[in-house]
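Residues per chain, in single letters:
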Amino acid sequence: MKNLIKTLLVVLGLAISAGCGTSESQSGTTNMASSAPSVGQSGVKDDQSNPNVVQIAVSSQDHSTLVAALKAADYVDALTNVGPFTVFAPTNAAFDALPAGTLESLTKKENQRQLRDVLEYHVLLGVYKAGDFVNGRRMGTADGRAVEIEVNNAGDVFINGGKIIGTVEASNGIIHVIDKVLVPN
């Protein structure tokens, strides 16, 4: 709630500032700040709020490959937005288990859309805790496909065969660390 209020105050302040422009700015003269390239939500610096899913991944030694893939797919800003998201985050070891050359091929500039599709296959819209998953249920992913949920007798949850090995809550959703990269069919 505090973040929402802060955001509204910033927007209100910007709106007031825009309405109180000088005749110089109204005459068409641009200032240097407006010519700088814009950054998305990931460019916002905030050390006081709870971290979002990307900030958590960036701070994890076990997810450096995932972070590099997010950057290569230009998907960082999307996952720093409000959400809420459920992200299945493969570990570095899961990426290492892919067939040789797969990751290198996907991270090429010409394959950016394909990489983004793979990453979106790891995202559900909404927050689903491990206890929310039901055996045999299919859940729609951000890329329009679906993953299948399996819950074994011990209560372990698997997403398309990838086991949830840890869970971290974020300001804009929840991250389930998994031991497999989910590859859409």
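Residues numbered from 1 in each chain as written. Predicted model: local features only at pLDDT ≥ 70, side-chain atom pairs only at ≥ 80, totals over all residues. Heavy atoms only, no water.

### Focus: the overall build of the chain
Right, so step 1: If you tally the helices and strands in the chain, you get nine helices and seven strands.
Right, so step 2: Evaluated residue by residue, the chain yields a buried proportion of 34% over its 185 residues.
Right, so step 3: Looking at the chain alone, contacts between residues at least 24 apart form 62% of all its contacts between residues at least 6 apart.
Right, so step 4: For the chain, the accessible area works out to roughly 11,300 Å², and carbon and sulfur atoms hold 54% of it. (Helix = DSSP H or I, 4+ residues; strand = E, 2+ residues; numbered from the N terminus. Buried < 20%, exposed > 50% of the residue type's maximum accessible area, 1.4 Å probe, protein only. Contact = heavy atoms within 4.5 Å. Areas by Shrake-Rupley, 256 points an atom, 1.4 Å probe, with all protein chains shown as cover.)

### Examining the packing of aromatic side chains
Right, so step 1: This structure, assessed with the given rule, holds two aromatic pairs.
Right, so step 2: Here F88 and F133 contribute two aromatic rings whose centre-to-centre distance is 6.1 Å and whose plane-to-plane angle is 40 degrees, an arrangement assigned as tilted. Of this pair, F88 sits in strand β1 (residues 85-90) while F133 sits in the loop between β2 (123-125) and β3 (138-140), and the two are 45 residues apart along the sequence.
Right, so step 3: When its relative accessible area of 6% is taken as the criterion, F133 is described as buried.
Right, so step 4: An aromatic cluster is present here, built from F88, Y128 and F133 joined pairwise through their rings. (Phe/Tyr/Trp six-rings, centres within 6.5 Å; stacked < 30°, edge-to-face > 60°.)

### Observations concerning helix α9 (residues 112-120)
Right, so step 1: For α9, the full list of buried residues reads L115, V118, L119 and E120.
Right, so step 2: For α9, the elements touching its buried residues are α5 (64-72), α8 (102-106) and β2.

### Description of the side chain of T86
Right, so step 1: Mapped onto the secondary structure, T86 falls in strand β1.
Right, so step 2: A polar side-chain atom of T86 sits 2.7 Å from the main-chain carbonyl oxygen of G126. (Polar contact = N/O pair within 3.5 Å; in protein donor to acceptor, adjacent residues only side chain to side chain.)

### A closer look at the pairing of strand β6 (residues 162-170)
Right, so step 1: Pairing analysis gives two bridges linking strand β5 (residues 157-159) to β6, with the strands arranged antiparallel. Note that in β6 the partner of I159 across the bridge is G162.
Right, so step 2: Bridge count between β6 and strand β7 (residues 173-178): six bridges; the pairing is antiparallel. Bridge assignment links V168 to a residue of β7, and that residue is I175. (Pairing = 2+ DSSP bridges.)

### Concerning the pattern of salt bridges
Pairing between side chains of opposite charge can happen when the charged atoms of each approach one another.
Right, so step 1: By the definition in use, this model includes seven salt bridges.
Right, so step 2: Here R145 makes a salt bridge to D143, at a shortest N to O gap of 2.8 Å.
Right, so step 3: We classify D143 as buried; its relative accessible area is 19%.
Right, so step 4: Between K163 and D156 there is a salt bridge whose closest N-O contact spans 3.9 Å.
Right, so step 5: Its relative accessible area of 26% is what places K163 among the partly exposed residues.
Right, so step 6: Residues joined by salt bridges that share partners form a network here, namely R113, R116, D117 and E120. (Salt bridge = Lys/Arg side-chain N within 4 Å of Asp/Glu carboxyl O.)

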